[in-house]
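The lines below spell out each chain.
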2 protein chains.
Amino acid sequence: MATLKYSRQRESIREFVMNSREHPTADTVYAGIKAEFPNISLGTVYRNLSLLVDLGEIAKITTGDGPDRFDCNTKPHSHFICTQCHNITDIEASEFDCMKEKVAESFDGKITGHMTTFYGICKECLEAKKIKKTS
Amino acid sequence: MATLKYSRQRESIREFVMNSREHPTADTVYAGIKAEFPNISLGTVYRNLSLLVDLGEIAKITTGDGPDRFDCNTKPHSHFICTQCHNITDIEASEFDCMKEKVAESFDGKITGHMTTFYGICKECLEAKKIKKTS
DNA sequence: ATACATGCAAATAGTTTGCAAGAAG
DNA sequence: CTTCTTGCAAACTATTTGCATGTAT
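The name an unreviewed UniProt entry assigns to chain A is Transcriptional repressor, from the organism Blautia celeris. Listed under Sequence similarities (unreviewed entry) in UniProt, the entry text for chain A is "Belongs to the Fur family."

Trainee: It is not clear to me how the overall build of chain A should be interpreted in this structure. Could you clarify?
Mentor: When helices and strands are counted, chain A shows 5 helices and 5 strands. Counting from the amino terminus, chain A carries its helices and strands in the arrangement α-α-α-β-β-β-β-α-β-α. A globule of 135 residues ought to have a C-alpha radius of gyration of about 14 Å, yet chain A, at 18 Å, is considerably larger. Taking contacts inside chain A between residues at least 6 apart in sequence as the whole, the part at least 24 apart equals 47%. Carbon and sulfur atoms provide 51% of the accessible area of chain A, an area that totals close to 8100 Å². Side-chain charges in chain A split into 18 positive and 19 negative, and the spacing between the mean points of these groups amounts to 5 Å.

Trainee: Whenever I open this one, the pattern of salt bridges confuses me. Can you help?
Mentor: Should the charged atoms of two oppositely charged side chains come close, the side chains can pair. Residue and element names in this part refer to chain A. All chains considered together, the criterion is met by 6 salt bridges over all chains. The salt bridge partner of Glu-57 is Arg-14, with a shortest N-O separation of 2.7 Å. With Glu-57 in the loop between helix 3 (42-54) and strand 1 (59-61) and Arg-14 in helix 1 (residues 8-18), this residue pair connects regions lying 43 residues apart in the sequence. What makes Glu-57 partly exposed here is its relative accessible area of 26%. In the salt-bridge network here, residues are joined through shared partners; they are Glu-11, Arg-14 and Glu-57.

Trainee: Looking at this structure, I do not really get the relation of the copies chain B and chain A. What am I missing?
Mentor: One copy of the chain maps onto the other through a rotation about an axis plus a displacement along that axis. Least-squares fitting of chain B to chain A yields an RMSD of 0.0 Å, with the superposition described by an axial translation of 0.0 Å and a rotation of 180 degrees. The two molecules are tied by a two-fold rotation axis, judged by turn and shift. Taking C-alpha positions as reference, the residue of chain B nearest the rotation axis is B:Thr116, located at 2.1 Å.

Trainee: Would you take a moment to explain the pairing of strand 5 (residues 110-121) of chain A for this structure?
Mentor: A regular strand places its side chains on the two faces of the sheet in alternate fashion. With 9 of its 12 residues buried, strand 5 of chain A lies for the most part within the structure. Summarising the sheet, strand 3 (residues 78-82) of chain A and strand 5 of chain A pair through 4 bridges and their orientation is parallel. Along strand 5 of chain A, the bridge assignment pairs A:His79 with A:Thr117. The sheet contact formed by strand 5 of chain A and strand 5 (residues 110-121) of chain B spans 11 bridges and is antiparallel. Across the sheet, A:Tyr119 pairs through a bridge with B:Gly113, a residue of strand 5 of chain B.

Trainee: What is the right way to look at the packing of helix 1 of chain A against helix 2 (residues 26-33) of chain A in this model?
Mentor: Helices that pack against each other are described as a pair by the angle of their axes relative to one another and the distance between those axes. Residue and element names in this part refer to chain A. Closest axis-to-axis distance for the helix 1/helix 2 pair is 10 Å, and the angle between their directions is 115 degrees. Relative to helix 2, the element helix 1 is oriented roughly perpendicular. In the crossing of helix 1 with helix 2, the sense of the turn from one axis to the other is right-handed. The residues of helix 2 that touch helix 1, namely those facing Ser-12, Ile-13, Phe-16 and Val-17, are Thr-28, Val-29, Gly-32 and Ile-33. Looking at the contact of helix 1 with helix 2 residue by residue, the class counts come to 5 nonpolar, 3 polar and no charged.

Trainee: Quick question: what am I supposed to make of the interface of chain B and chain A here?
Mentor: How big an interface is tends to be expressed through the accessible area that disappears when the partners come together. The partner chain A presents 30 residues to the 30 residues of chain B that form the contact. Summing the contributions of chain B and of chain A, the shared interface buries around 2600 Å²; its carbon and sulfur component is 72%. The largest share of the area that chain B buries against chain A comes from B:Phe96, B:Met99 and B:Phe118, three residues that together contribute 21% of it. Here chain B and chain A share 0 salt bridges between them. Remark: the boundary between chain B and chain A carries 11 residue pairs in polar contact (both at pLDDT 80 or more). Within the residue set of the side of chain B that touches chain A, elements represented by two or more residues are helix 4 (99-105), strand 5 and helix 5 (123-134) of chain B. Broken down by element, the side of chain B that touches chain A gets its largest block of residues, 12 residues, from strand 5 of chain B. Residues belonging to the side of chain B that touches chain A are distributed by class as follows: 14 nonpolar, 9 polar and 7 charged.

The rules behind these values
- Residues numbered from 1 in each chain as written.
- Chains lettered and ligands numbered in written order.
- Predicted model: local features only at pLDDT ≥ 70, side-chain atom pairs only at ≥ 80, totals over all residues.
- Heavy atoms only, no water.
- UniProt positions renumbered as here; feature names shortened; annotations may be inferred.
- Helix = DSSP H or I, 4+ residues; strand = E, 2+ residues; numbered from the N terminus.
- Rg over C-alpha atoms; globule rule 2.2 N^0.38 Å.
- Contact = heavy atoms within 4.5 Å.
- Areas by Shrake-Rupley, 256 points an atom, 1.4 Å probe, with all protein chains shown as cover.
- Lys, Arg positive; Asp, Glu negative; His and termini not counted.
- Charge placed at Lys NZ, Arg CZ, Asp CG, Glu CD.
- Salt bridge = Lys/Arg side-chain N within 4 Å of Asp/Glu carboxyl O.
- Buried < 20%, exposed > 50% of the residue type's maximum accessible area, 1.4 Å probe, protein only.
- Least-squares fit on C-alpha atoms with pLDDT ≥ 70 in both.
- Pairing = 2+ DSSP bridges.
- Axes fitted to C-alpha atoms, helices over the stretch in contact; angles between N-to-C directions.
- Parallel < 35°, antiparallel > 145°, perpendicular 65-115°, else oblique.
- Left-handed = near helix turned anticlockwise from the far one by under 90°.
- Nonpolar A, V, L, I, M, F, W, Y, C, P; charged D, E, K, R; others polar.
- Buried area = accessible area lost by both parts, 1.4 Å probe.
- Polar contact = N/O pair within 3.5 Å; in protein donor to acceptor, adjacent residues only side chain to side chain.

Next comes the structure, spelled out in structure tokens:
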């Protein structure tokens, strides 16, 4: 089993995601650390992001349209994805945190994780539309 | 606005998904109707599947690994995806059907849909593993 | 006739991988 | 010195698109 070795690139990638509130894509991370590592490659970013996901330090959000996003918050919560601007907002709905346990009771397999995503139009895009309509 | 015109291919694609309990991929649909339409192209299958999704006749399931899947069941329900065999099982958890409404109350945007996916190892794969261990 | 749909092939997006060279333990 | 990691480029998977031709209305 591969023993992990320190790398400055990986630390930078972790830092970037940890300090990000925007649920960055691999590309955003890549762009964000390019100043510090001008020669870094997208491949390295992808490799390290999925490594950090495997380690449980960050989480991967599958959007269903567009690239995957990464989340520094690994605690149970849901996401709202705006189908117009593609921004992702955290949704805390503690009454549903027990979902996994609840469903596990009556399911004949091993449930390791779950993910709830809401789709729609965010407040900002609704307002932007209203402006367009009146103009 | 494009007025829909009848096509035998589209009907066949709809039929196939409607009679499918396996949440087929575009490729599976393609393979499944190739006997009837030997010259059909994948592009046509993709075009019609997304058309049917837009019409609300079928639903698209984003898996997060591997290709999208399609579902004849458009009523609110969740899915379990086995990370090993990639089979998808429907999960009916009516206590969570109100999720959308509940979350909408305290959210400043328009929520149009939501999707909950559970990940893990299905019963069959768990049993298969057990056999391997003892052999 | 007109407009939508098809088949084909090429293009695109996102991500993964092989490999030689570089850095960590 | 051995193993892990990197950068680069090529490969790959899933999906979309342009275009000439075919089909429905």
